[in-house]
Amino acid sequence: MGLPADTDPSFADYAHPERLVSTTWLAEHLGQPGLAVVESNEDVLLYSTGHIPGAVHLDWHTDLNDPVTRDYVDGAGFAAALSQRGISRDDTVVIYGDKNNWWAAYALWVFTLFGHEDVRLLDGGRAAWIAEGRELTTEVPTPQPTEYPVVERDDASIRAFKEDVLAFLGGQLVDVRSAPEYSGERTTMPDYPEEGALRGGHIPGAQSVPWARAAQEDGRFRSRAELESIYLQEKGLDPSQPVIAYCRIGERSSHTWFVLRHLLGFDDVKNYDGSWTEWGNAVRVPIATGDQPGEVPQR
Amino acid sequence: MTDAELPGAFAAIVDDFQALTEPDRLQLLLEFAEGLPDLPERYADHPELLEPVPECQSPVFLVVEVGEAADGADAPVEVFLSAPRESPTTRGFAGILTEGLAGLTASQVLAVPDDVPHRLGLDRAVSPLRLRGMAGMLGRIKRQVRERVAA
């Protein structure tokens, strides 16, 4: 079951190197039975301008989110989206996308909520593939629909809700937004009333590690040693203790979730997808401002 | 949604979008992205003359020129926008604004209703963040027009 892992030596140090594939590995395996390639971008039109041959498009907004409730699709919705794209439950799924795989990591995290076992990221994402001059096509594949099973979403293992975070205060929290978002400084824009959250700042005790620090200039992940120097040495996170990551709506923190869980091998990592758009609008939750984690209130 | 009227060219663009199914609307948006003209040399070589649009998730820059007229309100407006090819949705919105505002006077640009991004029928297919980006572009265009008319 599943395609062989990429044995690229640059992945060898990661805790779970089998969660990454290189552009070379993907180019060599394109078209093989049992491999599904999925493009997931922030920009809904980007796939149409050209994509990796055989890749299907999955949009975070229209395919993975429930259209009414603020939640992900349910088991039936996920099964329908994957069946339509010809993906089977035991396929090796390789996801890639724009912006350092930001949305690809989000899609991977949602696949994980549904327990899809073999799901991997293309290291460097769309930009790395294009930078190497590899083939792109505008031809949209028409895969034979599959019968992806309806699997109940498991929200308990890798997803945190607001109540979970409130009960977790004092534990390891990572805020992956930019520095001004973390400090609560207002980024005022003329002719444009600030939207999104009524309060600025961060969850008390949260460490600030902007998500893109985990990526190199070319969009590929930093080496394990570099990642450890950021998350372990600089921020003092303990891989054996639980950690919750958050951002604004849970997408950027999916990227950090991937880094902590699969590259650094943290045992228990959750993504708080309500993130700042929930916390910063909630009544009577504690907030810290400024560039320090701040005092954690006594419970 | 208000019923404020759109200028002719802009209204025609909205009608074109409304007449299509959702996938075809995205295709049309892609055509606008491909049709966004390059900046003229006087701006291409001088990025410092352009205003960034931080509401967009991608690097978008714009500048507005307002011509001479006895009454500033009648002065012709020209809008120049740049957006990267890697961000076709944003480019598409820039293309719609460029075409929809072409040939309008200052008072006509200022009268364009602010809800125009939501009249294209893309609210479901395109993330709200993107539509806010278009609103951000329009808001900044109007502010530049007001500043230049007052100057």
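Attention now goes to the overall build of chain A. Scanning chain A for helices and strands turns up 10 helices and 10 strands. The principal-axis extent of the C-alpha atoms belonging to chain A is close to 55 × 45 × 40 Å. For chain A, buried positions account for 52% of its 299 residues. For chain A, long-range pairs separated by at least 24 residues make up 77% of all intrachain contacts whose partners lie at least 6 apart in sequence. Distance from the positive charge centre (25 side chains) to the negative charge centre (47 side chains) of chain A: 5 Å.

All right, on to the interface of chain B and chain A then. On the chain A side, the residues contacting the 25 residues of chain B number 19 residues. At the boundary of chain B with chain A, total buried surface from both sides reaches about 1,800 Å², with 57% on carbon and sulfur atoms. Applying the counting rule to chain B against chain A returns zero salt bridges. Of all the secondary-structure elements, those providing two or more residues to the side of chain B that touches chain A are helix 2 (22-35), helix 4 (88-101) and helix 6 (128-150) of chain B.

Below, the discussion takes up the sheet that holds strand 5 (residues 119-122) of chain A. Residue and element names in this part refer to chain A. Reading across from one edge, 1-5-4-2-3 is the order of the five strands in this open sheet, with parallel pairing throughout. In the strand order of this sheet, the two ends are held by strand 1 (20-21) and strand 3 (56-57), each with one partner. As paired strands, strand 4 (residues 92-96) and strand 5 are joined by three bridges and run parallel to one another. Counterpart to Val93 in the pairing with strand 5 is Val119.

Residues and elements named next belong to chain A. Inspection of every chain in the model, using the stated rule, returns 26 salt bridges over all chains. Put simply, Asp155 and Arg159 hold a salt bridge, and the shortest N to O gap is 3.2 Å. Residues Asp268 and Lys270 are paired through a salt bridge, measuring 3.4 Å at the closest nitrogen-oxygen approach. Salt bridges here are not isolated pairs; linked through shared partners, they connect Asp71, Arg153, Asp155, Arg159 and Asp273.

All names here are of chain A. Located in the positive-phi region is Asn101, a residue other than glycine, with phi close to 65°. With respect to the secondary-structure elements, Asn101 resides in the loop between strand 4 and helix 3 (102-113). Even without glycine at this site, Ser275 takes up a positive phi of about 45°. Note that Ser275 resides in helix 10 (residues 275-279). What makes Ser275 buried here is its relative accessible area of 0%.

Before going further, it helps to spend a moment on helix 9 (residues 252-263) of chain A. All names here are of chain A. Taking 1.5 Å per residue, 12 residues should reach 16 Å; helix 9 reaches 16 Å between its end C-alpha atoms and fits that length. Helix 9 sits mainly inside the fold: 11 of its 12 residues count as buried. Buried within helix 9 are the following residues: Arg252, Ser253, Ser254, His255, Thr256, Trp257, Phe258, Val259, Leu260, His262 and Leu263. Following helix 9 by one or two positions, Gly265 has its phi on the positive side, about 70°.

If you want to describe how two helices pack, look at the angle between their axes and the distance between the axes. Residues and elements named next belong to chain B. Here helix 1 (residues 8-18) crosses helix 2 at 140°, and the two axes come no closer than 9 Å. Between helix 1 and helix 2, the interaxial angle falls into the category oblique. Contacts from Ile13, Asp16, Phe17 and Gln18 in helix 1 reach Arg25, Leu28, Leu29 and Phe32 in helix 2. Here the contact of helix 1 with helix 2 is composed, by residue class, of five nonpolar, one polar and two charged.

Moving on, we come to the side chain of His61(A). In this structure, His61(A) sits in the loop between strand 3 and helix 2 (75-84). Within polar-contact distance, the side chain of His61(A) engages the backbone oxygen of Arg124(B) at 3.4 Å. Discounting chain neighbours no more than four positions away, the residues touching His61(A) are Asp123(B), Arg124(B), Ala125(B), Val126(B), Ser127(B) and Pro128(B).

Turning to the nonpolar core, a few remarks are in order. One finds Phe78(A), Ile95(A), Leu121(A) and Tyr231(A) to be the most contacted residues of the largest nonpolar core, which totals 55 residues. Contributions of two or more residues to this core are made by strand 2 (35-39), helix 2, strand 4, helix 3, strand 5, helix 8 (224-234) and helix 9 of chain A. When residues no more than four places from it in sequence are discounted, the contact partners of Leu121(A) are Arg19(A), Leu20(A), Val21(A), Val94(A), Ile95(A), Asn101(A), Ala104(A), Ala105(A), Leu108(A), Phe221(A) and Phe258(A). Listed in part, the 42 residues of the second largest apolar core include Val44(A), Val60(B), Leu62(B) and Ile141(B).

Attention now moves to the pairing of strand 9 (residues 243-246) of chain A. Remark: a regular strand shows side chains that alternate across the two faces of the sheet. All names here are of chain A. Residues Val243 and Ala245 line one face of strand 9 and the alternating positions Ile244 and Tyr246 line the opposite face, and both faces are buried. Where strand 7 (residues 172-175) meets strand 9, four bridges bridge the pair, whose relative direction is parallel. The partner of Val174 across the bridge, within strand 9, is Ala245. Pairing of strand 9 with strand 10 (residues 269-272) involves four bridges; the strand directions are parallel. Bridging across to strand 10, Tyr246 finds its partner in Tyr272. Taking the sense of rotation as the criterion, the β-α-β connection linking strand 9, helix 9 and strand 10 turns out right-handed.

What counts, and at which threshold
Residues numbered from 1 in each chain as written. Chains lettered and ligands numbered in written order. Predicted model: local features only at pLDDT ≥ 70, side-chain atom pairs only at ≥ 80, totals over all residues. Heavy atoms only, no water. Helix = DSSP H or I, 4+ residues; strand = E, 2+ residues; numbered from the N terminus. Buried < 20%, exposed > 50% of the residue type's maximum accessible area, 1.4 Å probe, protein only. Contact = heavy atoms within 4.5 Å. Lys, Arg positive; Asp, Glu negative; His and termini not counted. Charge placed at Lys NZ, Arg CZ, Asp CG, Glu CD. Buried area = accessible area lost by both parts, 1.4 Å probe. Salt bridge = Lys/Arg side-chain N within 4 Å of Asp/Glu carboxyl O. Pairing = 2+ DSSP bridges. Expected span 1.5 Å × (residues − 1). Axes fitted to C-alpha atoms, helices over the stretch in contact; angles between N-to-C directions. Parallel < 35°, antiparallel > 145°, perpendicular 65-115°, else oblique. Nonpolar A, V, L, I, M, F, W, Y, C, P; charged D, E, K, R; others polar. Polar contact = N/O pair within 3.5 Å; in protein donor to acceptor, adjacent residues only side chain to side chain. Core = buried A, V, L, I, M, F, W, Y, C linked by side-chain atoms within 4.5 Å. Right-handed = clockwise from strand over helix to strand, strands pointing away.

These values are about where atoms sit, not about what they do.
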